[in-house]
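Take a look at the letters that make up each chain.
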Amino acid sequence: MFKKSTSTIEPCHLSQVALLQYVAIRTYQETFSDTNSEALLQQYYKESLNIEKLSAQLQNTNSEFYFLYATSNTSESISENEAKNTDAKLAGFLKLNVDSAQTDIFDAEALEVEKIYILKDFLSQGLGKKLISFAIERAIEQNKKYLWLGVWEHNFPALTFYQKMGFEQFGEHDFNMGGDIQKDLLLKRVL
């Protein structure tokens, strides 16, 4: 069932790093707990989603984090007092990289969508499309020629979504998920 929602995208600031960590872990857990062991997930959180690492990323001028706020009829969601609309809940987040912050390509003409996660309560509301559209706008504003991202080869819903959004596979890379080396497919959308 498709539920319509209103949404806004707001920059994430260093003072919100604990909230970023919380929503990153929660969305990752919701997305990958059915296909990965709890031990692997916990190791990944410890290595990749700790406060120090997220703080450093937030301070990198070549990376941008954004929170996605949305209204929804569901009761299970994250409240955020800083939302402009008091009915809006934190629904997910986005991380974009350019230049040296990119994880693989390091192309001055590219913008990487490194992280795009939406809480389960807000899926099927068109919010993923809104985040990709926002990433496209940011890329155009920065005179980039294409977007690229990596997605786990077994994340079939995400692969289908990206294909519908005009992305095509151009490569693959290894992804260290808490010590388990998994394969990500690299996808590209020319602007």
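As a reminder, the structure under discussion sits directly above these lines.
Here we summarise the structure given alongside this text. Each chain has its residues counted from 1, running along the sequence as written. The predicted origin of the model limits local features to residues at a pLDDT of at least 70 and limits the giving and counting of side-chain atom pairs to 80 or more, whereas totals for whole chains, interfaces and linings rest on all residues. Each side-chain value is derived from all of the structure's non-hydrogen atoms; neither hydrogens nor water enter the calculation.

### Side note on the overall build of the protein chain
Alright, step 1. Here a strand is any run of E in DSSP of at least two residues, a helix any run of H or I of at least four, and the numbering for each starts at the N terminus. Check the secondary structure of the protein chain and you find 5 helices and 8 strands.
Alright, step 2. Helices and strands appear in the protein chain in the N-to-C order β-α-α-α-β-β-β-β-α-β-α-β-β.
Alright, step 3. Considering the protein chain as a whole, with its 191 residues, one finds that 49% of them fall into the buried category.
Alright, step 4. The contact criterion used is simple: two residues touch if any of their non-hydrogen atoms lie within 4.5 Å. Partitioning the intrachain contacts of the protein chain with sequence separation of at least 6 by distance along the chain shows that 70% fall at a separation of at least 24.
Alright, step 5. Counting every atom, the protein chain has about 9,900 Å² of accessible surface; 49% of that belongs to carbon and sulfur. Only protein chains enter the accessibility calculation, which uses a 1.4 Å probe; a residue is then buried when its area is under 20% of its type maximum, exposed when over 50%, and partly exposed in between. Per-residue accessibility takes into account occlusion by the displayed protein chains alone, with areas from the Shrake-Rupley method and a 1.4 Å probe.

### Some points on the environment of Lys129
Alright, step 1. For Lys129, the location among the structural elements is in helix 4 (residues 127-141).
Alright, step 2. Remark: the alpha-carbon pair of Lys129 and Phe161, spanning 32 residues in sequence, is separated by 8.5 Å.

### Re the environment of Ser48
Alright, step 1. Counting through the fold element by element, Ser48 comes out in helix 2 (residues 38-48).
Alright, step 2. For Ser48 and Ile25, which are 23 residues apart along the polypeptide, the C-alpha to C-alpha distance reads 10.0 Å.

### Structural notes on helix 1 (residues 17-32)
Alright, step 1. For helix 1, spanning 16 residues, the distance from its first C-alpha to its last is 22 Å, which sits close to the expected 22 Å at 1.5 Å a residue.
Alright, step 2. Within the sequence span of helix 1, burial applies to Val17, Leu19, Leu20, Val23, Ala24, Arg26, Thr27, Tyr28, Glu30 and Phe32. Given the number of residues in a helix, its expected span is that number minus one, multiplied by 1.5 Å.

### Topic: the pattern of salt bridges
Alright, step 1. Whenever a carboxyl oxygen of Asp or Glu lies within 4 Å of a side-chain nitrogen of Lys or Arg, that contact is scored as a salt bridge. For the coordinates displayed, the defined rule picks out 7 salt bridges.
Alright, step 2. Of the charged contacts in the structure, one is a salt bridge between Arg26 and Glu30, with a shortest N-O distance of 3.4 Å. With Arg26 and Glu30 both in helix 1 and 4 residues apart, the pair spans about one turn of that helix.
Alright, step 3. In this structure Arg26 comes out as buried when scored by relative accessible area, which is 13%.
Alright, step 4. Taking the shortest distance from any N to any O, the salt bridge between Arg138 and Glu64 comes out at 2.4 Å.

### Brief notes about the packing of aromatic side chains
By convention here, two paired aromatic rings are described through the distance between centres and the angle between planes.
Alright, step 1. Side-chain rings of Phe, Tyr and Trp (the six-membered ring for Trp) are treated as a pair once their centres are within 6.5 Å; stacked means planes under 30 degrees apart, edge-to-face means over 60, and tilted covers the remaining angles. Going through the model one piece at a time under the given rule, you end up with 13 aromatic pairs.
Alright, step 2. Cluster of aromatic residues (ring-pair linked, three or more members): Tyr28, Phe32, Tyr44, Tyr45, Phe93, Tyr117, Trp152 and Phe175.
Alright, step 3. The rule is short: NZ of Lys or CZ of Arg within 6 Å of the ring centre and within 35 degrees of the ring normal puts a charge over the ring. Over the aromatic face of Phe170 sits the side chain of Lys188, whose NZ or CZ is 5.5 Å from the ring centroid.

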